[in-house]
Amino acid sequence: MAKKEKSEYMIQAVSHALDLLEQFHSDEVDELGVTELSKRLRLHKNNVFRLLATLESRGYIEQNKVTENYRLGLKSLELGQTFIKKMGLLHQAKPVLDEMVEDCNETSYLAIFKEGHIVYLDVVETHLTVRVVSRVGSRLPAYATAAGKVHLAFMSEEELDNLLPEDLKAYTEYTITDRKKLKENLKQVAEQGYALDNEELDLGVRCVAAPIRDYTRRIIGSLSISGPSIRFTDERIEKELMPLVVKAADELSSRLGFHKS
């Protein structure tokens with residue numbers, strides 16, 4: 001008797017509930033109403049309401065009593081935090097992040113790559129008053145961030161073409177929106193082993209990042225240091241911050257079983 005594919009065991013109602021939760025995945029969406037969710041999911045409003053009622057009863061969705069729209073509930077946050085805490089990467093990275101900030105007193109991040117975006121898992125902030133706003137949990141475009149570029153730089157041409165959006169959005173006047181120029185930049189990143197974000201996502205903010213590898217030699221994340229461009233001069237990046245983040249990423253990679261040949 002042939003073994004069934006896992007897709008044959010899928011429960012449609014559960015699938016619809018997960019589709020609903022994923023509508024709140026974008027940074028641009030805080031709340032959604034029944035009508036909008038019905039359009040997005042292509043489900044009847046009654047079905048959407050029943051899904052919302054079920055998820056709300058379990059704490060995964062909550063309703064704003066003022067707008068009557070819905071947003072993610074605390075249970076969704078708790079589940080995400082549990083996942084993050086249990087990740088070996090996060091556990092191993094914490095002392096490395098602490099040490100980086102101790103050495104340079106600038107905000108340092110741990111990030112992973114997810115579907116063409118960078119997601120920051122953890123941050124240790126600088127003690128200085130002027131600092132970068134923390135973006136832990138946010139999904140940011142990989143091509144406009146140093147943390148994302150160190151992932152993209154080691155991908156094949158085909159992978160890049162599939163992952164990069166057709167039109168590269170300009171977040172600032174410095175965002176690289178020309179695909180050819182971006183690929184040239186990524187080639188340079190692969191050769192030098194680190195990436196820079198020169199105010200490409202936020203004006204006045206620069207960042208330097210290096211890749212994290214595990215025992216399979218696969219890139220599983222990135223470490224980065226971010227701060228105001230007034231403190232992140234070319235000279236400081238080259239002499240202090242770049243060597244620091246590369247050394248930290250190498251140390252973390254070694255903790256995860258990666259050994260340079």
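Just above, that's the structure.
Numbering of residues starts from 1 in each chain and follows the order in which that chain's sequence is written. The predicted origin of the model limits local features to residues at a pLDDT of at least 70 and limits the giving and counting of side-chain atom pairs to 80 or more, whereas totals for whole chains, interfaces and linings rest on all residues. With hydrogens and water set aside, each side-chain value is computed from the structure's full complement of heavy atoms.

Digging into the sheet that holds strand 8 (residues 219-228)
Piece 1. Pairing between strands is defined by DSSP: at least two bridges between them are needed. Numbering of helices and strands runs from the N terminus, with a helix taken as a DSSP run of H or I at least four residues long and a strand as a DSSP run of E at least two residues long. Taken together, six strands build an open sheet; the order of strands is 5-4-3-8-7-6 and the sheet is antiparallel. Since the sheet does not close on itself, it has two edges, and those belong to strand 5 (139-141) and strand 6 (195-198), each with one partner. Across the sheet, the mean angle separating the axes of adjacent strands is 35° when strand polarity is ignored.
Piece 2. For strand 7 (residues 205-213) and strand 8, the ladder comprises nine bridges, and the chain directions are antiparallel. Following the sheet pairing, cysteine 207 is matched in strand 8 by serine 226. Think of each axis as a best-fit line through the C-alpha atoms, taken over the contacting stretch in the case of a helix, with angles from 0 to 180 degrees between the N-to-C directions.

Quick word on the nonpolar core
Piece 1. For this analysis, a nonpolar core means a set of buried residues of the types Ala, Val, Leu, Ile, Met, Phe, Trp, Tyr and Cys, connected via side-chain atoms within 4.5 Å. Only protein chains enter the accessibility calculation, which uses a 1.4 Å probe; a residue is then buried when its area is under 20% of its type maximum, exposed when over 50%, and partly exposed in between. Formed by 30 residues in total, the largest nonpolar core has its most connected members in Leu89, Met100, Leu110, Ile212, Leu223, Ile225 and Leu252.
Piece 2. Residues Ile118, Ala142, Ala144 and Leu164 belong to the second largest nonpolar core, which totals 27 residues.

So, the side chain of histidine 151
Piece 1. Mapped onto the secondary structure, histidine 151 falls in helix 6 (residues 146-152).
Piece 2. Residue contacts are counted whenever heavy atoms from the two residues lie within 4.5 Å of one another. With sequence-adjacent residues up to four places away left out, histidine 151 is seen in contact with Ile112, Phe113, Ile118, Ile219, Ile220, Gly221 and Ser222.

Let's talk about the pairing of strand 6
Piece 1. The side-chain alternation of strand 6 yields one buried face, formed by Ala195 and Asp197, and one unburied face, formed by Leu196 and Asn198.
Piece 2. Where strand 6 lies against strand 7, four bridges are found, and the strand directions are antiparallel. The partner of asparagine 198 across the bridge, within strand 7, is arginine 206.
Piece 3. Hairpin connection of strand 6 to strand 7: six residues between the antiparallel strands, including glutamate 199 at a positive phi of 60°.

Concerning the packing of helix 5 (residues 88-104) against helix 9 (residues 234-255)
Piece 1. Following both chains from N to C, one finds helix 5 and helix 9 inclined at 155°, their axes separated by 10 Å at the closest point. The angle between helix 5 and helix 9 places the two elements in the roughly antiparallel class. The interaxial crossing formed by helix 5 with helix 9 has right-handed handedness. Along its contact with helix 5, which presents Leu89, Gln92, Ala93, Pro95, Val96, Glu99, Met100, Asp103 and Cys104, the element helix 9 presents Arg236, Glu240, Leu241, Leu244, Val245, Ala248, Glu251, Leu252 and Arg255.
Piece 2. When residues are sorted by character, Ala, Val, Leu, Ile, Met, Phe, Trp, Tyr, Cys and Pro go into the nonpolar class, Asp, Glu, Lys and Arg into the charged class, and all the rest, Gly among them, into the polar class. In terms of residue class, the contact of helix 5 with helix 9 is built from eleven nonpolar, one polar and six charged. Put simply, angles under 35 degrees are roughly parallel, angles over 145 are roughly antiparallel, angles from 65 to 115 are roughly perpendicular, and the rest are oblique. Definitions for this section: a left-handed crossing has its near helix turned counterclockwise from the far helix by less than a right angle. A right-handed crossing has that turn clockwise.

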